Amino acid sequence: MTLHSVDTPAKGRPFPVAAVSRRAAVGAQGFLSRYGLLIAFLLLWQVSSTRGWVNPAVFPPLDTIMAALWKGLASGALLDDIAISLQRSGLAFGAAVVIGIPLGLFMGQIAAVERALEPILQLFRQTSALALYPVFILLLGLGEASKVFVIFWATLFPILLATIGGVKQVDRRLVEMARTFGASRLTVFRRVVLPASVPAIFVGLRLSATTALLLLIAAEMIGANKGVGFQVMNAQYNFQIPLMFGAIFLLAALGLAANAVLVLLQHRLCRWAEATR
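Bear in mind that the values here come from a model prediction, so they are computed numbers and not experimental data.

Asks: Sorry, what's going on with the confidence of the model for the protein chain here?
Replies: Atom-level detail of predicted coordinates should not be read off regions where pLDDT is low. This prediction gives the protein chain a mean pLDDT of 82; 90% of its residues lie at or above 70. Here residues 1–8 scores under 50 on pLDDT; set against residues more than four positions off or in separate chains, the count is 1 contact.

Asks: Please clarify how the packing of helix α3 (residues 77–109) against helix α6 (residues 144–168) should be interpreted in this entry.
Replies: When two helices pack together, you describe them by how their axes are tilted relative to each other and by the distance separating the axes. Between α3 and α6, whose axes approach to 7 Å, the crossing angle comes to 30°. On the basis of the axis angle, α3 is roughly parallel to α6. In this structure, α3 meets α6 at a crossing whose hand is right-handed. Among the residues forming the contact of α3 with α6, the class breakdown is 19 nonpolar, 6 polar and 4 charged.

Asks: Sorry if this is basic, but what is going on with the pattern of salt bridges here?
Replies: Across all of its chains, the model carries 3 salt bridges by this definition. Note that Arg88 is salt-bridged to Glu220, the shortest N-O span being 2.8 Å. Placement of the pair is Arg88 in helix α3 and Glu220 in helix α8 (residues 185–220), with a sequence separation of 132 residues. Each of the two residues, Arg88 as well as Glu220, counts as buried. Close ionic contact of Glu114 with Lys168 constitutes a salt bridge, the shortest N to O distance being 3.0 Å. Placement of the pair is Glu114 in helix α4 (residues 111–126) and Lys168 in helix α6, with a sequence separation of 54 residues. With a relative accessible area of 47%, Lys168 lands in the partly exposed category. Through salt bridges with shared partners, one network takes in Arg88, Glu144 and Glu220.

Asks: Can you walk me through the packing of aromatic side chains in this structure?
Replies: Tallied over the entire structure, the rule returns 11 aromatic pairs. With a centroid separation of 5.6 Å and an interplanar angle of 80°, the aromatic rings of Trp153 and Phe157 are classed as edge-to-face. Pair noted here: Trp153 and Phe157 are both in helix α6, with a separation of 4 residues, about one helical turn. For the pair Trp153 and Phe157, a shared accessibility class is recorded, and that class is buried. By way of ring pairs, the aromatic residues Phe124, Phe136, Phe149, Phe152, Trp153 and Phe157 are connected into one cluster.

Asks: What is the right way to look at the packing of α4 against α6 in this model?
Replies: At a minimum axis separation of 11 Å, α4 and α6 run at an interaxial angle of 145°. Handedness of the crossing formed by α4 with α6: left-handed. The residues of α6 that touch α4, namely those facing Glu114, Leu121, Gln122, Phe124 and Arg125, are Trp153, Phe157, Leu160, Leu161, Ile164 and Lys168.

Asks: So what exactly am I meant to see when it comes to unusual backbone geometry here?
Replies: With glycine set apart, most residues show a phi of negative sign, and most peptide bonds adopt trans. Its identity is not glycine, yet Phe239 carries a phi of approximately 55°, on the positive side. Residue position: Phe239 is located in the loop between α9 (228–237) and α10 (241–269). Under the relative-accessibility criterion, Phe239 is labelled exposed at 59%.

Asks: Hey, could you run me through the environment of Thr211 in this one?
Replies: By the secondary structure assignment, Thr211 is in helix α8. Once the C-alpha coordinates of Thr211 and Ser197 are considered, the two residues, 14 residues apart in sequence, prove to be 21 Å apart. When neighbours within four sequence positions are excluded, Thr211 is seen to be in contact with Ala154 and Thr155.

The rules we used
- Residues numbered from 1 in each chain as written.
- Predicted model: local features only at pLDDT ≥ 70, side-chain atom pairs only at ≥ 80, totals over all residues.
- Heavy atoms only, no water.
- pLDDT = per-residue confidence, 0-100.
- Contact = heavy atoms within 4.5 Å.
- Axes fitted to C-alpha atoms, helices over the stretch in contact; angles between N-to-C directions.
- Helix = DSSP H or I, 4+ residues; strand = E, 2+ residues; numbered from the N terminus.
- Parallel < 35°, antiparallel > 145°, perpendicular 65-115°, else oblique.
- Left-handed = near helix turned anticlockwise from the far one by under 90°.
- Nonpolar A, V, L, I, M, F, W, Y, C, P; charged D, E, K, R; others polar.
- Salt bridge = Lys/Arg side-chain N within 4 Å of Asp/Glu carboxyl O.
- Buried < 20%, exposed > 50% of the residue type's maximum accessible area, 1.4 Å probe, protein only.
- Phe/Tyr/Trp six-rings, centres within 6.5 Å; stacked < 30°, edge-to-face > 60°.

Spelled out as structure tokens, the structure:
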């Protein structure tokens, strides 16, 4: 019987530690290839501000910004602003989903309706929601209604147009095959058209989620006394630059979180689409 040292691996089997190290190296390489530029930008910001390469009154160090952001969160003031901002954007986004997806599915399947509504939809889509914001204020006042409606207006069209495009891109051979096997119009819609349109719909949802936050900032900077967008403008007026940047980073984090939730939901609902790639 041959004795093997405990430190010597079996033939053909690498050390577990070596395997873990290789996996860690591959993971670190992938992480740096994806986030390396972002990390370098943040490091450059910190070093430039602390070394005086840029004016720290205009571009404070990141640690100062994070301290101001943490102070605002710990005091509870920013938490109230986050709740109000999420309520405004959530109501507008939810209304856009409830109206945009059914209308897009309807227009995508009935060519006559699409031809009749497309010119006016294109006109409204090309008109900036910010340009119409004074009109919404005149009609709805400076309260919550005008803020929610301007966000709804801007988020409706990406969802609507993406849904229409998704329906029109459905493979007609699949529709004809389903009808050949005796499927009803409703069954074809439920089993073929709607599932095939889901990936395109999620593209519109992600674009609309980003648009909702962008319009939220503009809406809260005009005639608001609460919200993260208001805090950005208020901090700028009071020359609280670290808090201003902290609120901007907070808005970016909210946008990334919303996008991550939609991507996760898309992966769960569209596994069949990923399997066919």
